[in-house]
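Topology and contacts: notes
Here is what each chain is made of, one letter per residue.
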Amino acid sequence: MREAIASAERAAERADAGGVVEPLSEDFDGNGGRLGRKEIANLIRLARLRGEHVGVTLGPISVERRGERLVADFTVTLTQGSRLLPDAAGVYQVETAWRREGDEWRCYSATWKRQL
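Remember, predicted model here, so these are calculated numbers, not experimental data. (Residues numbered from 1 in each chain as written. Predicted model: local features only at pLDDT ≥ 70, side-chain atom pairs only at ≥ 80, totals over all residues. Heavy atoms only, no water.)

**Concerning the side chain of Arg106**
Topologically, Arg106 is positioned in strand 6 (residues 104–114). The exposure class of Arg106 is buried, given its relative accessible area of 16%. Among the polar contacts made by the side chain of Arg106, one reaches the main-chain carbonyl oxygen of Glu22 at a distance of 2.4 Å. Among all residues touching Arg106, those that are not within four sequence positions of it are Glu22, Pro23, Leu24, Ser25, Ala97, Trp98, Arg99 and Glu101. (Helix = DSSP H or I, 4+ residues; strand = E, 2+ residues; numbered from the N terminus. Buried < 20%, exposed > 50% of the residue type's maximum accessible area, 1.4 Å probe, protein only. Polar contact = N/O pair within 3.5 Å; in protein donor to acceptor, adjacent residues only side chain to side chain. Contact = heavy atoms within 4.5 Å.)

This is how it looks when you write it as structure tokens:
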């Protein structure tokens, strides 16, 4: 799961929509229904088409087991805001929820809140 988070970070910096959403479940819920898997992929694709770049830096990841599921908390710093998301630069506190789907952990829910 930690590698999936790190891989999504690297994909976001390359504006690789498939790489960003790869660890997300088909029914992924972002920030209480604001963004699903498809919407996240479309935002990344649009940024790539516009030639925009957003820097992504992860903070330490803490993981807690909750029954058969995992919750991972971390900070993410976005730099170099884009025209698509001009106010997106900053530090965010992120909480992600993960479940097993076959042999892999998939993120089925995430919430984020801007810290700075």
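Having seen the model, we can carry on.
**Let's talk about the packing of aromatic side chains**
This model, assessed by the stated rule, comprises zero aromatic pairs. Positioned over the ring face of Tyr108 is Arg69, at 4.9 Å from the centre of the ring. (Phe/Tyr/Trp six-rings, centres within 6.5 Å; stacked < 30°, edge-to-face > 60°. Lys NZ or Arg CZ within 6 Å of the ring centre and 35° of its normal.)

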